[in-house]
Each structure stands twice: as C-alpha cells, then as structure tokens.
Amino acid sequence: MGRNSNSKRPSSNSWDAVANWYLGWAGAEGSRHHRELVIPALTALLAPRSGERILDIGCGAGALAPAVARLGALYTGIDKSPKLIAHARRHHKGGARFLVGDATRLPDVARLGRATFDAAAFLLSIQDIDPLDAAIAGAAWALKPGGRLVLLMTHPCFRIPRQSGWGWDQNRALQYRRLDRYLTPLDIPMQEYGKAKGSVTRSYHRPLEAYVSALSANDFAIDAMREVPGAHFGAPESETRAKRLARQEFPLFLGLRAIMRG
Ligand SMILES: C[S@@+](CC[C@H](N)C(=O)[O-])C[C@H]1O[C@@H](n2cnc3c(N)ncnc32)[C@H](O)[C@@H]1O
C-alpha cells in the first residue's frame, strides 16, 4: 500500500539493485513497448534535429540513444545507477555520452553545464524520480531558453500502480477501468523483481495537476500532448471485442511537451 508523498524525504533511489533484472527484461535497446510505442511517441514530441544536444534524464541503459543518434543529434544520458550507466557505455558506441548523477541535483553533476541543451526528456523515468519539482528544476537548469522538455510516462489518470485495474460488467458485457485513488500523491513500493529479492524500486503517483504545476512553476509552457494506447503484443485471436475496445479507449502512456520560456 502506498503512502502520501512527502518532498522532505531523500530523493529517489537508483535502480542499481535491480539493474540485472531490468537489463534482462528491457535490454539496452529497450523493451518492445519502448521500441514500438514510447520511443516513437517521445521522439515525435521531442523532434531532435541534427546537431542539437539532447539530455535523457533517468536514462537507464540508454534505450533512447539510438533513436537520437539516427536523427543526427548529440545524446547525453544521465542516471543514478552506476550499473545501468556502465552497461549503456559498453552497449552504445559512437557519440553517445553517459553520466552517473542524480536528476534532482543536476547542477552537482561535474560534466553537465547550465543552459547547454536544446532539448531534454524523461523516458519512463519521471514517475520513479522524487521530488518532482527538483527534477523539473534540473531540466530547466540544463536547457537553453526556448528549449524543449518531454515527459513520457505511464498515464497518471488511468494507470496507478496498485490503485487501478480492469473490471468486468456482466450486464453490459464491457470491460471497464477501475480507479481506487487518484488525487492523493502516493509513494508506492513496486514488486520485487526476479532474483533481486528485497530490492524494491519505488514509483511516485501524482495527479496530472502536479506535472502541469511543476512545469509551470519552473517557467515551462506546455504546447503538445499525446495519449498512447497499449498494444496487443501477443494477444490471442480469441481476445474479446470488449477487451480490445477497453485497451484502445484507455491510454497506457502520456506524453507532455513543454517549452522553456525566456
Ligand atoms: C523505469 S527506469 C527507465 C530507464 C530508461 N529511461 C528506460 O526507459 O529504459 C527508471 C530509471 O530512473 C532512474 N532514477 C530514479 N531516480 C533517479 C534520480 N534521482 N536520478 C537519476 N536517475 C534516477 C533509475 O535508476 C532508472 O534507471
């Protein structure tokens, strides 16, 4: 069960303890969800251009790096997990640069400079980083005026770990989405992964308002948004029409793009 989020706690932990599990599941190129859904949605919003400097915050093993390189932009990834960064460095050759650092204290990262990036992204990481305001303030510090920031996350309105799920309405023969909590921010210990028993990661549920407010408080203006439904990877032929409809109606991911004023 989650508890209320409290910004006085120390900042979120790296995924070092679950790095082997995460690499086994997603690999350095990302999972199928990464490759077919979230990376295309994120790059469409971020629109990296040739020669631009792009910062990937909470980059893990750098699943975003190849897509940025293909567009001719210069990639820097930062993550708190030394293991994931070491793996990223081994896997992604070429121009990509990977740094160990805390997203909530970006000015302390030795090889990062203020106002040096054209665009920044949190790819499935913003909901694992706490406090939110420090993470958004860090992105604002790293971006040039007019720089772009994209948050790509599991949809906070429909996908709340342990507090949402599917239900079946027998009378109407429809699958509905059930939400138990929404407005209360929650600090949620996630399940133990693989052999990394006892090593739980944490996810921070916040209502949509928290993201919009944190962006606005740090001088960002939201100018684009995408809601991405889940895919039917491996779904059997027999999957009912009701289930399919529900998956198409309730997005799995949310992308927000914001521009730094000034
Ligand atoms: C779900 S993983 C996503 C990784 C990568 N973006 C991807 O899509 O494969 C979340 C990442 O956030 C990182 N993280 C959590 N708190 C952090 C912090 N305070 N500073 C930097 N990275 C952090 C974790 O180490 C982990 O790699």
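Residues numbered from 1 in each chain as written. Predicted model: local features only at pLDDT ≥ 70, side-chain atom pairs only at ≥ 80, totals over all residues. Heavy atoms only, no water.

## As for the overall build of the chain
Cut-off, in case you're wondering: The way it works is that DSSP assigns letters per residue, a run of H or I at least four long becomes a helix, a run of E at least two long becomes a strand, and they are numbered from the N terminus. The globule rule used here is 2.2 Å times the number of residues to the 0.38 power, and the radius of gyration it is set against is calculated over C-alpha atoms. The buried label applies to any residue whose accessible area, calculated with a 1.4 Å probe on protein chains only, is under 20% of its type's maximum; exposed applies above 50%, and partly exposed to all values in between. By the convention used here, residues are in contact when the closest approach between their heavy atoms is within 4.5 Å. By the counting rule applied here, Lys and Arg register as positive and Asp and Glu as negative, while His and the ends of each chain are not counted. By convention, charge coordinates are those of NZ in Lys, CZ in Arg, CG in Asp, or CD in Glu.
Secondary structure summary: the chain contains 7 helices and 12 strands in total. For the chain, the C-alpha radius of gyration of 18 Å lies close to 18 Å, the compact-globule estimate for 262 residues. The principal-axis extent of the C-alpha atoms belonging to the chain is close to 60 × 40 × 35 Å. Expressed as a percentage of the 262 residues in the chain, the buried residues total 51%. For the chain, restricting intrachain contacts to residue pairs at least 6 apart in sequence, the fraction spanning at least 24 positions comes to 67%. When the 36 basic and 23 acidic side-chain charges of the chain are each reduced to a single mean position, those positions are 3 Å apart.

## Some points on the confidence of the model for the chain
Our working definition: pLDDT is a residue-level measure of predictor confidence that goes from 0 to 100.
Overall, the prediction assigns the chain a mean pLDDT of 91, with 92% of residues at 70 or greater. Within the model, the stretch residues 1-7 combines pLDDT values under 50 with 22 contacts to residues more than four positions away or in other chains.

## A look at helix H2 (residues 32-46)
Under the convention used in this document: To estimate the expected span of a helix, subtract one from its residue number and multiply by 1.5 Å. What the bend at a residue measures is the angle between two axes, fitted to the seven residues ending there and to the seven starting there. Two N or O atoms form a polar contact when they lie within 3.5 Å of each other; inside protein one atom must be a possible hydrogen donor and the other a possible acceptor, and for residues adjacent in sequence the pair counts only when both atoms belong to side chains.
Spanning 15 residues, H2 covers 20 Å between terminal C-alpha atoms, matching the ideal 21 Å at 1.5 Å per step. Maximum bend of H2: about 40°, positioned at Val 38, with proline Pro 40 one to four residues after it. Among all positions in H2, only His 34, Leu 37, Val 38, Ile 39, Ala 41, Leu 42, Thr 43, Leu 45 and Leu 46 are buried. Between the side-chain oxygen of the N-cap and the backbone nitrogen of His 33 there are 3.3 Å, and the N-cap of H2 in question is Ser 31. The first or second residue beyond H2 is Ala 47, which carries a positive phi of 45°.

## Comments concerning the pairing of strand E3 (residues 74-79)
One face of the sheet, then the other: side chains in a regular strand alternate in exactly this way. Note the following rule: Throughout, right-handed denotes a crossover for which the path from the first strand over the helix to the second runs clockwise when the strands point away from the viewer. The rule for pairing is simple: two strands pair if DSSP sees at least two bridges between them.
Burial runs high along E3: 5 of the 6 residues are buried. Crossover connection from strand E2 (residues 53-57) via helix H3 (residues 65-70) to parallel E3: handedness right-handed. As judged from the 4 bridges shared by E3 and strand E4 (residues 97-100), these two strands associate in the parallel manner. Directly across from Thr 76, in E4, lies its bridge partner Arg 97. Tracing the backbone out of E3, into helix H4 (residues 82-91) and back to the parallel element E4 gives a crossover that is right-handed.

## Re the site of the ligand
Quick note on the threshold: Here a residue is considered near a molecule or strand provided that any single heavy atom belonging to it is located within 4 Å of it. In short, Shrake-Rupley with a 1.4 Å probe defines the accessible areas, and a residue's cover is counted only from the protein chains shown. Any residue that is not Ala, Val, Leu, Ile, Met, Phe, Trp, Tyr, Cys, Pro, Asp, Glu, Lys or Arg is counted as polar, Gly included; the first ten are nonpolar and the last four charged.
Near the ligand you find 21 residues, and of these Tyr 22, His 34, Asp 79, Ala 103 and Leu 123 are the closest. One nitrogen or oxygen atom from the main chain of Leu 123 is found 2.7 Å from a nitrogen atom belonging to the ligand. Across the complex, the protein chains shield 97% of the 590 Å² of accessible surface that the ligand would expose by itself. Here the residues of the shell around the ligand sort into 8 nonpolar, 9 polar and 4 charged.

## What to know about the pairing of strand E5 (residues 117-123)
E5 sits mainly inside the fold: 7 of its 7 residues count as buried. The pairing of E2 with E5 spans 3 bridges and is classified as parallel. Counterpart to Ile 54 in the pairing with E5 is Ala 119. Of the pairings in the sheet, the one linking E5 to strand E6 (residues 143-154) comprises 6 bridges and is parallel in character. In the sheet register, Ala 120 faces E6, and the bridge partner there is Leu 149. Chirality of the crossover, the property in question, places the unit of E5, helix H5 (residues 132-142) and E6 among those that are right-handed.

## A short note on the nonpolar core
For the record, the criterion: Only buried Ala, Val, Leu, Ile, Met, Phe, Trp, Tyr and Cys residues count toward a nonpolar core, and they belong to the same one when joined by side-chain atoms within 4.5 Å.
Counting 32 residues, the largest nonpolar core has Phe 122, Ile 136 and Leu 149 as the members making the most contacts within it. Of all the secondary structure elements, the ones that give two or more residues to this core are E2, E5, H5, E6, helix H6 (208-217) and strand E12 (253-260). With 7 residues, H5 is the single largest residue contributor to this core. Residues within four places of Leu 149 in sequence aside, it is in contact with Ala 120, Ala 121, Phe 122, Ile 136, Ala 139, Leu 143, Leu 215, Phe 220, Leu 256, Arg 257 and Ala 258. Listed in part, the 28 residues of the second largest apolar core include Cys 59, Leu 64, Tyr 75 and Ala 121.

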